[in-house]
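Report on the structure
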There are 2 protein chains.
Amino acid sequence: MPKPNVRDKLLAAAFELIYTKGYNACGVLDITNAAGVPKGSFYNYFKSKEAMALAVLELYRSYLGADLLKDKSKAPIKRLRSLFESYAALHAKWGYERGCMMGNFGAELSSQSGAIRKALKKYFDEFCNTIATVVQEAQDKDELSPNGDANQIARFLVNSWEGAIIRAKIVRTSAPFNDFFAMTFDSALKI
Amino acid sequence: MPKPNVRDKLLAAAFELIYTKGYNACGVLDITNAAGVPKGSFYNYFKSKEAMALAVLELYRSYLGADLLKDKSKAPIKRLRSLFESYAALHAKWGYERGCMMGNFGAELSSQSGAIRKALKKYFDEFCNTIATVVQEAQDKDELSPNGDANQIARFLVNSWEGAIIRAKIVRTSAPFNDFFAMTFDSALKI
């Protein structure tokens, strides 16, 4: 019987390696070595490297936690800004080296794995819907012009943020995030 | 003596393979096979796979050709829009599968190769400067408010576009590009 803690070890090792190096840059052996388990045991827990990547991605999705958006004591746009600022702080902590796993997978694996592309589509859609709800709330409270399509604003924010993250991986400074805030929250999406 | 046409064959094969599969998903053998040359010959032309990736990236950079921006018979913002529309048309032609090589490399290789990261920084900076010149021209001609920082607008446009490209790789439709145009050229950056 597979022991649950071995799967947890494998998942944690895979998460760290894939997030820092990319999917194709690390093999199953790197992951089992990092987890301190025999290579053969990998397939007791994951039917393939792709299946493991899907589990890693699901874990990443769970970390995006948009709990900051639920704090109704703050105005909607302020909550949205806080969420993106919390991500920016994480990237700064990581020296801007990691990027967003969803964006990394999108760039590296969209054409390589239909299952990963489908999961990415679902997670991005869910995340954009969460953002859109708060954009809509901001419109209802006259924080934002009611003319814009809340879903489109949300998608644009998320996509622009993903682009800023990649640029931050390249320049290794917060400049792309500063540009993002200046051109969205500080101007079109005035707070 | 290395024959120049072998290098050209290798470069063309590497460009196609790396652009469609990603850097780490294809090896030197895949490239020499696709080019129809012996594996050993690779190192007569490139000192490493990384050196080859830099040559591929330089070639990609030369294809970004912003010639559309030079057509002074068109208003500046119209020229800018035409450039992004021409990119969108290419992505549609490719079924949205390829993405932008600079964005792909940024996501996959920024933490893996200092030389590639440095080249990406340079190429993105150059590209943003080219865009900024036209944004500045639009401001000078009162097409755009003079209040915005032309360089920041340019960087934001380019980063947001990169994010839209990755999302398009995932959803395989033009929707992320439509969102981009709606939220930039059609609103904040009114034409």
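Scroll up to find the structure.
Residues numbered from 1 in each chain as written. Chains lettered and ligands numbered in written order. Predicted model: local features only at pLDDT ≥ 70, side-chain atom pairs only at ≥ 80, totals over all residues. Heavy atoms only, no water.

Residues and elements named next belong to chain B. Under the definition given, this model contains 39 aromatic pairs over all chains. Aromatic side chains Y96 and F177 sit 6.2 Å apart centroid to centroid with 40° between the ring planes, which places their arrangement in the tilted category. Linking Y96 in the loop between helix 5 (76–93) and helix 6 (101–109) with F177 in helix 9 (residues 175–188), this pair joins segments that are 81 residues apart in sequence. In this pair, the class of Y96 matches that of F177, namely buried. Note on W161 and F180: the rings are 4.8 Å apart at their centroids and 70° apart in plane angle, and the pair reads as edge-to-face. Taken together, the residues span a long stretch of sequence, with W161 in helix 8 (residues 150–171) and F180 in helix 9 at a distance of 19 residues. (Phe/Tyr/Trp six-rings, centres within 6.5 Å; stacked < 30°, edge-to-face > 60°. Helix = DSSP H or I, 4+ residues; strand = E, 2+ residues; numbered from the N terminus. Buried < 20%, exposed > 50% of the residue type's maximum accessible area, 1.4 Å probe, protein only.)

Here the focus is the relation of the copies chain B and chain A. The pair of chain copies shares a relation made of a rotation about an axis and a shift along it. When chain B is brought onto chain A, the operation consists of a screw motion whose angular component is 180° and whose axial shift is 0.0 Å, with 0.0 Å RMSD remaining. In short, the pair behaves as if placed about a two-fold rotation axis. (Least-squares fit on C-alpha atoms with pLDDT ≥ 70 in both.)

Once that is clear, we can look at the side chain of H91(A). All names here are of chain A. Note on placement: H91 falls in helix 5 (residues 76–93). For H91, a relative accessible area of 5% gives the class buried. With residues near it in sequence (within four places) discarded, H91 still touches Y96, G99, C100, I165 and F177. (Contact = heavy atoms within 4.5 Å.)

Contacts between the two partners involve 42 residues from chain B and, on the opposite side, 42 residues from chain A. For the pair chain B and chain A, the two sides together bury roughly 3,600 Å², of which 58% comes from carbon and sulfur. Considering only the side of chain B, the residues that lose the most area to chain A are F156(B), R167(B) and I170(B), jointly responsible for 21% of the buried surface there. Between chain B and chain A we count 4 salt bridges in total. A salt bridge links D125(B) to R167(A), with the shortest nitrogen-to-oxygen separation between them at 3.4 Å. (Buried area = accessible area lost by both parts, 1.4 Å probe. Salt bridge = Lys/Arg side-chain N within 4 Å of Asp/Glu carboxyl O.)

Moving on, we get to the side chain of N159(B). Locating N159(B) in the fold gives a position in helix 8. For N159(B), a relative accessible area of 3% gives the class buried. Within the structure, the side chain of N159(B) is placed 2.7 Å from the side chain of R167(A), a separation counted as a polar contact. Apart from residues no more than four positions distant in its own chain, N159(B) is found in contact with S160(A), G163(A), A164(A), R167(A) and P176(A). (Polar contact = N/O pair within 3.5 Å; in protein donor to acceptor, adjacent residues only side chain to side chain.)

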